[in-house]
Amino acid sequence: MAGRLSVKKRNDETPARIDIRTIASMANVSIATVSRTINRVSTVDPKIAKRVWEVIGKLDYFPNTQARALVSGRSRIFGLIVSEITNPFFPELIQGFEDIAVEHGYEILVSSTNYDPKRMSHCIRRMLERKVEGVAVMTFGIEEPLLDQLANRKVPLVFIDVGPDRAGISLLKVDYEHGLRQGVQHLAALGHRNVAFVTGPPMLRSSQSRLAAFSKAVQECGIAADPALIVGGDHTLEGGIAAMEKLLAMKPEPTAVMCSNDMTAIGVLHKLYRAGMRVPDDISVIGFDNIHIAEVTIPPLTTIQMSRFEIARAAVDALRAHAEKDGGSLPHREYKIRTDLVVRESTGFPRGMIAKLRKTGN
């Protein structure tokens with residue numbers, strides 16, 4: 001009967017050779033229909049497409065993606081370039097990016113630059129060789145000649161924070177001020193007035209933005225800004241440890257430390273533990289990113305959340321908007337990424353504050 005799934009069996013066994021012709025025969029449709037279904041052409045009748053996918057699932061068939069690309073002219077691959085694969089923030093971002101891309105029928109190609117321009121060049125070459133349909137550059141920047149390699153081939157691009165103002169390029173604009181203002185206000189409400197900040201690598205635009213947002217929030221809260229309390233870091237555990245060593249040598253010591261990312265904050269927690277200091281009884285600590293491990297540090301880390309899932313979804317949405325339409329004619333796009341304070345157990349009143357309050361109350 002037309003419209004019903006007709007499956008030809010051979011001694012109750014899956015056919016020895018499975019290809020697009022086998023799928024077409026078993027689904028009782030044309031080869032062209034199978035091809036359009038696999039390539040997710042929207043004009044295929046949903047009922048017919050469902051029948052084709054049922055056969056594909058029954059036979060555990062894997063389409064030849066290279067052949068599909070030759071036929072359709074589309075690779076259905078998105079590139080993702082990150083700075084540092086060892087920072088837990090990026091694997092979590094990659095996972096979200098892949099989940100969302102696969103949900104929409106795309107594969108992903110991931111490269112890590114490790115802040116090396118030569119590796120960045122290699123990443124771009126890999127992307128071009130695989131004919132990716134768009135690239136999300138989730139790193140500190142990209143040299144203009146490398147950008148031109150992608151732009152000249154009309155490859156859509158997504159940048160975080162900052163990027164060239166040209167067609168085919170989208171920006172994910174992180175609202176650093178909102179979350180960092182919440183963090184400073186939280187410390188100020190607890191009674192902290194001697195607040196330090198550990199920065200990220202100075203060449204990172206995101207590090208510069210976080211420091212600027214912190215400085216503005218401190219001023220808004222009426223806390224005296226002390227340049228000595230701004231200590232350089234590099235977004236690593238070791239950088240956090242080294243920065244906290246410098247802060248502990250100061251007199252008086254800060255009562256609270258805010259960090260440009262969670263890995264730095266975890267390094268700070270480690271150094272304070274080794275120094276015999278208790279968090280938050282002796283000093284409060286706040287991170288930035290809200291990586292998963294922040295929930296299980298000792299104590300659990302108060303931090304500013306920047307959702308990797310939100311970043312991943314915005315990046316995929318931007319690339320799809322260009323890849324599935326005429327990317328060259330689309331206007332410059334911006335996607336806002338919100339930040340919010342997540343209060344856990346690494347922040348509290350400054351040392352001696354409770355005793356002072358009791359004394360005042362008496």
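Model, not experiment: these values are computed from the prediction.

**Q** Explain the overall build of the protein chain to me, please; I cannot follow it from the model alone.
**A** Of regular secondary structure, the protein chain possesses 13 helices and twelve strands. Relative to its 362 residues, the protein chain shows a buried fraction of 49%. Here the contacts in the protein chain between residues at least 6 apart in sequence split such that 69% fall between residues at least 24 apart.

**Q** Can you walk me through the nonpolar core in this structure?
**A** Within soluble globular proteins, side chains that are nonpolar tend to cluster in buried spots. Counting residues in hydrophobic clusters, the biggest one holds 68 residues, and the most contacted among them are Phe97, Met138, Leu172, Met258, Leu272 and Ile311. Apart from residues no more than four positions distant in its own chain, Met258 is found in contact with Leu180, Gly183, Val184, Leu187, Val195, Ala196, Phe197, Val198, Phe214, Ile286 and Ile304. With 18 residues, the next largest nonpolar core counts Val135, Val155, Phe159 and Ile169 among its residues.

**Q** Explanation requested: the packing of helix α8 (residues 176-190) against helix α9 (residues 205-220) in the structure shown.
**A** Each pair of packed helices can be described by the angle between their axes along with the distance between the axes. Running from amino to carboxyl end, α8 crosses α9 at an angle of 45°, the nearest separation of the two axes being 8 Å. Of the possible angle classes, the one that applies to α8 and α9 is oblique. Considering only the axes of α8 and α9, their crossing is right-handed. Along the contact surface, α8 presents Tyr176, Glu177, Leu180, Arg181 and Val184, while α9 presents Ser206, Ser209, Arg210, Ala213, Phe214, Lys216, Ala217, Val218 and Glu220. Looking at the contact of α8 with α9 residue by residue, the classes come out as seven nonpolar, two polar and five charged.

**Q** What am I meant to see in the pattern of salt bridges here?
**A** Note on pairing: side chains with opposite charge can pair once their charged atoms come close. Going through the model one piece at a time under the given rule, you end up with 14 salt bridges. Note that Asp289 and Arg210 form a salt bridge whose closest N and O atoms lie 3.7 Å from each other. Placement of Asp289 in strand β9 (residues 284-289) and of Arg210 in helix α9 is noted, with a sequence separation of 79 residues between them. The pair Asp289 / Arg210 is uniform in exposure class, with both members buried. The shortest N-O distance in the salt bridge between Arg338 and Asp340 comes to 2.8 Å. The network of salt bridges with shared partners includes Glu177, Arg181, Lys216 and Glu220.

**Q** Just to check I follow, could you spell out the sheet that holds strand β4 (residues 157-160) for this structure?
**A** What holds strands together in a sheet is hydrogen bonding between their backbones, with the strands either parallel or antiparallel. One open sheet accounts for six strands, arranged β2-β1-β3-β4-β5-β11; its pairing is parallel. Of all strands in the sheet, those bounded by a partner on one side alone are β2 (107-112) and β11 (333-337). In this sheet, adjacent strand axes meet at a mean angle of 20° when their direction is disregarded. Here β4 runs beside strand β5 (residues 169-174); their pairing, made up of four bridges, is parallel. Looking at β5, one finds that Leu157 is bridged to Ile169. Contacts from helix α5 (residues 89-103) reach β1 (77-82), β2 and β3 (134-138), with the element oriented near 170° to β1.

**Q** When you look at the packing of aromatic side chains in this model, what are you seeing that I'm missing?
**A** For any pair of aromatic rings, the description consists of the separation of the ring centres together with the inter-plane angle of the planes. By the definition in use, this model includes four aromatic pairs. Ring centres 4.1 Å apart and planes at 10° place the aromatic pair Phe78 and Tyr106 in the stacked group. Placement of the pair is Phe78 in strand β1 and Tyr106 in the loop between α5 and β2, with a sequence separation of 28 residues. The residues Phe78 and Tyr106 share a single accessibility class, namely buried. For the pair Tyr176 and Phe288, a centre-to-centre distance of 5.9 Å together with 40° between the ring planes defines the contact as tilted. Residue Tyr176 is found in helix α8, and its partner Phe288 is found in strand β9; the two are separated by 112 residues along the sequence. Overall, Phe288 belongs to the buried group, its relative accessible area being 0%. It is Arg76 that lies over the ring of Tyr106; its NZ or CZ is 4.3 Å from the centre.

**Q** Which parts of the structure should I look at to understand the sheet that holds strand β10 (residues 302-306)?
**A** Reading across from one edge, β7-β6-β8-β9-β10-β12 is the order of the six strands in this open sheet, with mixed pairing throughout. Strand pairing shows two members of the sheet lacking a second neighbour, β7 (230-231) and β12 (339-342), which therefore form its edges. Where β9 meets β10, four bridges bridge the pair, whose relative direction is parallel. Bridging from a neighbouring strand, Gly287 pairs with Thr303 of β10. Against the sheet, α9 touches β6 (195-198), β7, β8 (256-259), β9 and β10, its axis set at about 170° to β6.

Conventions used here
- Residues numbered from 1 in each chain as written.
- Predicted model: local features only at pLDDT ≥ 70, side-chain atom pairs only at ≥ 80, totals over all residues.
- Heavy atoms only, no water.
- Helix = DSSP H or I, 4+ residues; strand = E, 2+ residues; numbered from the N terminus.
- Buried < 20%, exposed > 50% of the residue type's maximum accessible area, 1.4 Å probe, protein only.
- Contact = heavy atoms within 4.5 Å.
- Core = buried A, V, L, I, M, F, W, Y, C linked by side-chain atoms within 4.5 Å.
- Axes fitted to C-alpha atoms, helices over the stretch in contact; angles between N-to-C directions.
- Parallel < 35°, antiparallel > 145°, perpendicular 65-115°, else oblique.
- Left-handed = near helix turned anticlockwise from the far one by under 90°.
- Nonpolar A, V, L, I, M, F, W, Y, C, P; charged D, E, K, R; others polar.
- Salt bridge = Lys/Arg side-chain N within 4 Å of Asp/Glu carboxyl O.
- Pairing = 2+ DSSP bridges.
- Phe/Tyr/Trp six-rings, centres within 6.5 Å; stacked < 30°, edge-to-face > 60°.
- Lys NZ or Arg CZ within 6 Å of the ring centre and 35° of its normal.

Any functional reading would require information beyond the geometric quantities listed.
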